[in-house]
Each structure stands twice: as structure tokens, then as C-alpha cells.
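Residue strings, one per chain:
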Amino acid sequence: MEQAPTSALPTGGQGAAGTPWPSGARRRTDGELEVAGVSVSGLAAEHGTPAYVLDEADFRARARAYRTAFEAAFAEVGAGVDVYYAGKALLTVAVARWATQEGLRVDTASGGELAVALRAGVPGTSIGLHGNNKSDAEVLAALDAGVGRLIVDSLVEIERVADLAASRGVTAPVMVRVTTGVHAGGHEYISTAHEDQKFGLAVAPGPDGGTSPALAALEAVVARPELELLGIHSHIGSQILDASGFEAAARVVLQLRADLAARTGVLVGEVDLGGGYGIAYLPGEVPLDPARIAKDVAGTVAEVSDELGTPLPRFSIEPGRAIVGPAGLTLYTVGTVKPVTVSESDADDGGTTFTRLYVSVDGGMSDNIRPALYGADYHAEIVGRESDAGPVLARVVGKHCESGDIVVHQVMLPGDVRAGDLLAVAATGAYGRSMASNYNALTRPPVLAVADGAARVLVRRETVEDLLALDQG
């Protein structure tokens, strides 16, 4: 088994490209990890583990990088652009404020996320509400808040939103979500533009070769005076590392826009190109560069609009996990450490046997479901001390009553890893806390922000009393 270094953390300076750690992370000479000048041992002593840790400056820098890169690239081709922060990745009151302060709008996917954004003081006009099955209460809450856009997802919803808008005496600003047929993403469950799934309306014609569901939906919106058709929304997937998918989807959506104009005379003013830009989860992985993807996509939309003879609309994009994912890590305490002998069959030599060290931590699939749900890969390191021990093949597992409760499938850790060690998993800012559960009645970890040598609690740790308070017996 090939050995690899046990640490990808920078030492003596700030985090760098090619590592999955926040930019404020560094390993001190004594082996201790600091994030934004705050030691993880101090965090563990004061707040306990598991804990989600967010580097505020890293989050803000990534938000600015996407906004400025896209604004500059689209300005060069004569178009405006808005950048939306994906609330589903992680939304707290503070995070929503950070995104807004850096010039981003906020995309929400439920009434709860909408409530968090509003509590944070995000203007309604800067909020979008998604969802394939919004309740009447969610739609009415969005209308009452004056959200900037409702993304409708079906013909039935179009009629329902129009009726609810009429009941409030308002005009609902809507975008129609379409599926372009461009497939992209790191896993089948996060590829969202193929036709056989729950989101959106297909651009491709139906079996009878007639009007496509997407075009029919756009025409249905135009026909209802209670609705204002803002534009067309597409999203092709998540954890995407190849820009070609965005360019292909942009061509499909801009053609649909032109087709609608030819049939109805309505040339919509906005197109959302989605996002889901990939990040580095493992050392050496290369994430999408904001400036490069912005330039590529801007060039494509300008070229296609010129070919179609239609003026450029205003655009919007949603970087997704690319803003918050790399800014976060999860801090655990090691418990049981157990070597396991593993045998693998091999047609050539009859099989191989090796030892894998199972390293159990005090969290697991309740604070990060992605390895169990998607087979997602992460990187982990021992971060509370220095070690001269040679690296060993390890699997980091949780404490839940499931054999699939895996935190990191494979990683090299120091051979002297032991109970009480602090272990950090990188790039967990997105979809850790937001997908967390109380499985086995574990309480959800706190969300801690670190900046300028200080830490503060954004979301406190749940307690057993919190769980029991909901149980009415």
C-alpha cells in the first residue's frame, strides 16, 4: 500500500491553493492547528466536540471573488449579473448577513430558510424562493416578504401561485425552472438537469413532438396577469468541475428564450445559469477558478445571443458550496482506535491482506451524512499535537449504530493516533450542519465562527433537554 503524507496543512503561513483547508488554517511548529489565529485545542476546551468551525474571512473572500469575477466578465460583454448564495448549503443569521454584506443575494429552498434570511435583515427583493413542492403557506410568506423571485417548478404550481397572488392583491415575480438535458455533477443524486427527476420542466419536446413542457410553462405564466415573468432558471447539478456543462446549458436556455419571444413577443429579461461549482475536498484537487468560469460563461452567452440576434438579458448565477464549503471544517475527538485485517480477492495472485485502522470519533453520519448518502470523499488530519509516527491507512468512522457510518473512507493518519486526539475533517462548511440529524438521539454540534484570533458561537450546541422539550410524551 503506497504511503502518503499525513498532513496537507500549510505551516507557518496561510492556507494555500491545492489544499482543502480554509485560507486561515495553519499548523504551528508544535503540531497544533490554528484557524484565523484560534487554536483548535482552545475551541475544543471551551465548546466541546464535535463542532463546525467557519473561517469568516475565508467565506467573505470567496463571496467577493465570485461577485467581482462575474461582474467584471459580464460587464465586458455588456450584461449585468447577480450572484446568489445558496442557503441550502449552510444558512444561519450570521452567514446570511455575511453574504449580503459582500454583495450577494440569497437563494432559499423552504419557508424555514426564508425565515432565517429575513431574520438576518436580507431585503425581500434580494431573496429567491425555490422548491418543487412549495406549500401555500411558503408561497404566501414569500409574497408577503416581497421576495425578488419565486422559481416555479410545474404547470400546476404556476396556477396555484397566480391564485395566491390574486388573493393577496399582488403580482408575483416568477422564473420558470427548466431542465436542459445537460447532465453534470459529482453523483447521480446531485445532477439536476436530466429529465428523469423531480426538478423543473423539460426543454425537449414531449413524446408527441409538440410544445415542450418548458415552453408551455412560460406561455402559461405570460397568460396570467397575476404573474410577472422575470425569466428562465436552469441548474445542471452540483460539485461540477468542468465548465463545458454550463456553456452547453446556456445555449439551450438562450434558444428557449428566443423561441418564447418568437411565439409570444415576450423576450424575458433575466436568465439564471445555476451553479454548483466544484471545490477541493482532497489535497491536490483543483476547484473551479471564479475568474476562468466567469470569462468562459460570459463569452458563451455573448456568442449565442449574437447568433440568435437577441439582446443579452441580465444573468444570475449560484456558486453553491463553492463559497462556504472550503471555509469550514469539523472538529472531532478520537475515541476507540481498532486495527482491522482486510482481505481483498485478486484474480492474479489469489488475494491480498492488509490492515486498516478504524478510528472512531464522537460524531458521524448525524453531522455529515454525505459520505453515507453520496459516497463523498473527505480529508482528515490529527490537529492537536505533533507526531513523528509513520503514516498508516485509516478509516474515520462515527459512533452511530450503522456499519455505513463512515466520515472519511480512506486517509493516512499517524500510526500513534489515540483516544483523546483532536481530528479535523476539511471542507465541511457546506451540507454538514444543514443536513445534520438527531439520529440515535445525538445532539447537533454548534457552529463556531473564527476571525482575527477570536471565536464566537453562531448556532449553539443542541442539548438533550432540547430534544426532550419536543417530545410531548
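The following refers to the structure shown. Within each chain, residue numbers correspond to sequence positions counted from 1 in written order. Reporting in this predicted model follows two pLDDT cut-offs: at least 70 for local features of residues, and 80 or more for side-chain atom pairs to be given and counted; totals over whole chains, interfaces and linings ignore these cut-offs and use all residues. Computation of side-chain values: all heavy atoms of the structure, hydrogens and water removed.

## Thoughts on the overall build of the protein
Here is step 1 of the chain: Numbering of helices and strands starts at the N terminus; helices are DSSP runs of H or I of at least 4 residues and strands are runs of E of at least 2. Along its length, the protein carries twelve helices and 21 strands.
Here is step 2 of the chain: Taken over the C-alpha atoms alone, the protein extends approximately 70 × 60 × 45 Å along its principal axes.
Here is step 3 of the chain: A total of 473 residues make up the protein; the buried ones form 53% of that total.
Here is step 4 of the chain: Contacts in the protein between residues far apart in sequence, at least 24 positions, make up 70% of those at least 6 positions apart.
Here is step 5 of the chain: Only the protein chains shown count as cover for residues, and the accessible areas themselves come from Shrake-Rupley with a 1.4 Å probe. A total accessible area of about 19,000 Å² is found for the protein, and carbon and sulfur atoms account for 50% of it.
Here is step 6 of the chain: Charge counting treats Lys and Arg as positive and Asp and Glu as negative, with His and both chain ends excluded. Charged side chains are reduced to one point each, which is NZ for Lys, CZ for Arg, CG for Asp and CD for Glu. Charge separation in the protein, taken as the distance between the mean sites of 37 positive and 59 negative side-chain charges, equals 5 Å. A simple rule labels every residue: compare its accessible area, found with a 1.4 Å probe on the protein chains alone, to the largest value its type can have, and call it buried under 20%, exposed over 50%, or partly exposed in between. It only takes one pair of heavy atoms within 4.5 Å for two residues to be counted as in contact.

## Considerations on helix α7 (residues 213-223)
Here is step 1 of the chain: All of the buried residues in α7 are A214, L215, A217, L218, A220 and V221.
Here is step 2 of the chain: Among the structural elements, α6 (155-168), β9 (172-179), β10 (201-202), β11 (227-234) and α8 (244-264) are those in contact with the buried residues of α7.

## Here we look at empty space enclosed by the protein
Here is step 1 of the chain: Lining residues are those with an atom within 4 Å of a point, where the points come from a 1 Å grid over the protein atoms alone and group into cavities, where a 1.4 Å probe fits but cannot get out, or pockets, open sets with protein on both sides within 12 Å along at least five of seven lines. Grid points are joined across faces, edges and corners, and a volume is the space filled by probe spheres set on the points. Summed over all chains, the structure comprises one cavity of 30 Å³ or more.
Here is step 2 of the chain: Each pocket or cavity is described by its volume, and for the largest cavity that value is around 50 Å³.
Here is step 3 of the chain: In this structure, the largest cavity is lined by Y52, V53, L54, L90, G328, L329, T428, G429, R433 and V447.
Here is step 4 of the chain: Looking at the lining of the largest cavity, the elements with two or more residues in it are β4 (51-55) and β14 (328-344).

## Details of the sheet that holds strand β1 (residues 25-27)
Each strand in a sheet pairs with another by means of backbone hydrogen bonds, the pair being arranged parallel or else antiparallel.
Here is step 1 of the chain: With antiparallel pairing, three strands are arranged side by side in an open sheet as β1-β2-β3. With partners counted over all chains shown, the strands left at the sheet margins are β1 and β3 (38-39), one partner each.
Here is step 2 of the chain: As judged from the three bridges shared by β1 and strand β2 (residues 33-35), these two strands associate in the antiparallel manner. Considered in β2, the bridge of A25 is made with V35. When DSSP finds at least two bridges between two strands, those strands are taken to pair.

## Regarding the nonpolar core
Here is step 1 of the chain: In terms of nonpolar packing, the biggest core is built from 110 residues, with F70, F74, Y85, L150 and L423 touching the most fellow members.
Here is step 2 of the chain: If near-sequence neighbours (up to four positions away) are discounted, F70 is found in contact with V81, V83, Y277, P290, I293, A294 and I317. Among buried residues, the Ala, Val, Leu, Ile, Met, Phe, Trp, Tyr and Cys ones that are joined through side-chain atoms within 4.5 Å form a nonpolar core.

## Looking at the packing of aromatic side chains
Here is step 1 of the chain: Side-chain rings of Phe, Tyr and Trp, where Trp is taken by its six-membered ring, are said to pair if the distance between their centres is within 6.5 Å; with planes under 30 degrees apart they count as stacked, over 60 as edge-to-face, and otherwise as tilted. Following the criterion strictly, the structure yields eight aromatic pairs and no others.
Here is step 2 of the chain: Judged by centre distance (5.7 Å) and plane angle (15 degrees), the ring pair of Y66 and Y277 falls under stacked. Pair noted here: Y66 is in helix α2 (residues 56-76) and Y277 is in the loop between β12 (270-275) and α9 (290-308), with a separation of 211 residues, a long-range link. Across this residue pair, the class does not change: Y66 and Y277 are buried.
Here is step 3 of the chain: With 6.2 Å between their ring centres and 10 degrees between their planes, F70 and Y277 make a pair best called stacked. Taken together, the residues span a long stretch of sequence, with F70 in helix α2 and Y277 in the loop between β12 and α9 at a distance of 207 residues.
Here is step 4 of the chain: Members of the aromatic cluster, joined through ring pairs, are Y66, F70, F74, Y277 and F315.

## Concerning helix α1 (residues 40-47)
Here is step 1 of the chain: Considered for burial, the residues of α1 that qualify are V40, L43, A44 and H47. Angularly, the buried residues of α1 cover 95 degrees about the axis, an arc narrow enough to put them on a single face. More than 90 degrees from the buried face of α1, the exposed residues found are A45 and E46.
Here is step 2 of the chain: The first or second residue beyond α1 is G48, which carries a positive phi of 75 degrees. Comment: arc refers to directions from the helix axis out to C-beta atoms.

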